[in-house]
Amino acid sequence: MPLIADVVFDAPVAHPFSYVVPQDWRLATGQRVIAPLKGAARAGVVVALRDGDGARLKPLARLLDRVPLLDATARALVEWIAADTLSGLGATYLALLPPPVPSDAVPAVATRATADAVTPRLLVGAGRETRLLERVGDAPAALVLAPDIDGAARWAQRLARFGGVVRLDSGVSDGDRAGGWAAVASGASRLAVGTRSALLAPLPPGGMIAVVDEQEAAHKPPGRPRVHARDVTLERAAREGLAALFTAATPSAELWQRTVDGRARLDQPPRGAWPATTLADPRGIARREALTPPLARAVRETLAAGRRVFLAVSRLHAVLGCDECGHVVRCARCAIALAYAPAARTLACRLCDQAEALPSTCPQCTGRRLGPFGWSAERVEQGVRRRFPRTRIARYDPEAARGRRADTQRADAAAADIVIGTRGALRLFGPGSLGLAAFVSPDQLLGMPDFRAAERGFALMWAAAERVRGDGALVVQSRNPTHYAIEAVTKQDLDGFYARELRFRSELGYPPFRRLAVLGVTARAGADGRAGAAALAEALRADHALTVYPPAAGRRRRGWHVVVKGDDDLPRRLGPALAEYGASLAARGIMVEAEVDPVEWLS
DNA sequence: AGCACGCCGACT
DNA sequence: GTCGGCGTGCTC
């Protein structure tokens, strides 16, 4: 009887495909192979080997890995990841393996230990990165996961002093990544740095996985497979008895809750230097002026002292509104407010890109007093230039970056005394490098229709505060200065913020107390997506452990979406149900795509 | 996913 | 008359 290999691919087909293994091959479960699939030679992963009838089967084409890179422990973890994220097994495997090596460098499989569980640690506060470095230096081996390639590069540099650091992220060549994987597997390298694609890199017993900047959404970037570095790290560390470490200025509510219920340990130093906060109420003043008198004064004083100012804006676009009836001009097709650029006098939809003529009267009340609403970067810049005509001012935001080289924009911002920018501009400033950080209109941020709005607003304000010198200032212009996120930043009080935030999450049944999934429903031509989404929602309601919300029209993503709330077993309940109803819906031209634990989703 | 097989518009 | 558009369907 010939040997048959069951192979999974990165394809939306759940089941494996079977092939005959050529006689002279040495093949093991977990190895990558090239196999013919619908005419194409595609990479897949062997998930099972068995004796069987190969009469109707095609043979495997060639080996991609000379030896399997994952042992049974790692394969079990991959199966857990795929099940927990409702991702395809093949897509999950292929995303978490290093690039294949064409050379003869044969990485050995490290024997993964299963030791006693170690309580994960969360490092917050000043000096958290130094504390992490010390622990990494002491560990027998460590894997450091950054949210993005830039972060991985920075950490590789920081760790260089311990010697023998390899990088496993796509910021280095495929050969270096594969070689790095082999070096940690064989023990030749003690330290590895990467992004979430390195989550399965082999580690010896007593090893450590560190996730830096844990709160960053980039730890779960959009796109398949939808895997969060934090969640996989916690699961892997528990399974293999590894030490798990996390650093964050402002951790996710999910991780903080673990420190509350004892599933993680909090490592927080005593409070240190912190900027003095001024709260300014913009009501009545800020319709025409971006800066309230207290903020204008703070800017003037900071400039006089020869220090730098960062003005954080929360939105890129102003909208056009009526002074008389309050009506906001919206896109007829997409129903969202049109973006208004006062200087260019243009009005355009950010979703469908449709440009509209500037109306001279209000479409609702025919009033003549139409003007800009909301402090976009452009409007703030105009106001600040008028006020501080002789100061070097730069904008740093995606809108200003359009058509400009990244390095020129960065150089301009580095030379400026006042930088106006969005969240991304924080990268320009090191800890304690600012004299003043100010939030022109954070109410926009805190009032977003997203249950994570407070967490995100808090994270941004805290990150800005950390970049201000201890004797510097923080100004927050808010109509709602008693908001707990603002109060917590003012008082440098992480505990206070999470106490309030977790109470809110608990009362409304949001993560981390319940889990969420968003089911995207799209219809092929001629199929009724709305009816399909409604049928899906109805079918899922049969499971009373699930809270199924009525289908809503998708915005950025076309089609419809159905939000489902459940407990820890959400994917285990949703998976089989989707497999069942998904098939019958697919026959009617309706496609369903699931995202478990969404990081960025309005709700 | 990716690739072929299908049936309708602008070219050698 | 073909080349190719991408809508639809299937993959060991």
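Worth saying up front: this structure is predicted, and the values here are computed from it rather than measured. (Residues numbered from 1 in each chain as written. Chains lettered and ligands numbered in written order. Predicted model: local features only at pLDDT ≥ 70, side-chain atom pairs only at ≥ 80, totals over all residues. Heavy atoms only, no water.)

Moving on, we get to the pattern of salt bridges. Applying the stated criterion across every chain yields a total of 38 salt bridges. The partner of Arg-236 in a salt bridge is Glu-240, and the shortest N-O contact between them spans 3.1 Å. Of the two residues, Arg-236 and Glu-240 both sit in helix α6 (residues 229-240), four residues apart, roughly one turn of that helix. Of the residues examined, Arg-236 reaches a relative accessible area of 0% and is grouped as buried. What makes Glu-240 buried here is its relative accessible area of 2%. For Arg-514, the salt bridge goes to Asp-567, with nearest N and O atoms at 3.3 Å. Residue Arg-514 is located in the loop between α15 (494-508) and β24 (515-523), and its partner Asp-567 is located in the loop between β27 (560-566) and α17 (570-587); the two are separated by 53 residues in the primary sequence. Through salt bridges that share partners, Asp-84, Arg-515, Arg-572 and Asp-597 make up one connected network. (Salt bridge = Lys/Arg side-chain N within 4 Å of Asp/Glu carboxyl O. Helix = DSSP H or I, 4+ residues; strand = E, 2+ residues; numbered from the N terminus. Buried < 20%, exposed > 50% of the residue type's maximum accessible area, 1.4 Å probe, protein only.)

By domain assignment, chain A separates into domain 1 (3-96), domain 2 (121-267), domain 3 (276-317 + 373-507) and domain 4 (515-596). Here the C-alpha centroids of domain 3 and domain 4 sit 39 Å apart. (Domains from an automatic or database assignment.)

Before going further, it helps to spend a moment on the pairing of strand β3 (residues 32-37). Among the six residues that make up β3, five are buried, leaving the element largely enclosed by the rest of the structure. Note: β3 against strand β5 (residues 62-63), two bridges, orientation antiparallel. Bridge assignment links Val-33 to a residue of β5, and that residue is Leu-63. (Pairing = 2+ DSSP bridges.)

As a matter of local geometry, DNA strand C sits amid Val-13, His-15, Phe-17, Ser-18, Tyr-19, Pro-36, Leu-37, Lys-38, Leu-57, Lys-58, Arg-524 and Ala-525. The sugar-phosphate backbone supplies 53% of the atoms of DNA strand C found within 4 Å of the protein. One of the backbone nitrogen or oxygen atoms of Pro-36 is found 3.1 Å away from a phosphate oxygen of DNA strand C. At the level of secondary structure, the elements contributing two or more residues to the surface near DNA strand C comprise β2 (17-20) and β3. Taken together, the residues of the surface near DNA strand C break down into seven nonpolar, two polar and three charged. (Near = heavy atom within 4 Å. Polar contact = N/O pair within 3.5 Å; in protein donor to acceptor, adjacent residues only side chain to side chain. Nonpolar A, V, L, I, M, F, W, Y, C, P; charged D, E, K, R; others polar.)

Overall, antiparallel pairing links the five strands, which are arranged β2-β1-β4-β3-β5 in an open sheet. Because the sheet does not close on itself, it has two edges, and the strands there are β2 and β5. Across the sheet, helix α2 (residues 89-96) is in contact with β1 (3-9), β3 and β4 (40-51); its angle to β1 comes to roughly 80 degrees. (Contact = heavy atoms within 4.5 Å. Axes fitted to C-alpha atoms, helices over the stretch in contact; angles between N-to-C directions.)

Attention now goes to the protein's contact with DNA strand B. Taken together, Asp-10, Ala-11, Pro-12, Lys-38, Ala-40, Arg-42 and Arg-224 make up the full set of residues adjacent to DNA strand B. Take the atoms of DNA strand B that sit within 4 Å of the protein: sugar and phosphate atoms are 44% of them. Within the contact set of DNA strand B, a sugar or linking oxygen lies 3.5 Å away from a backbone nitrogen or oxygen of Asp-10. A distance of 3.1 Å separates a base nitrogen of DNA strand B from a polar side-chain atom of Arg-42. Class assignment for the residues of the surface near DNA strand B results in three nonpolar, no polar and four charged.

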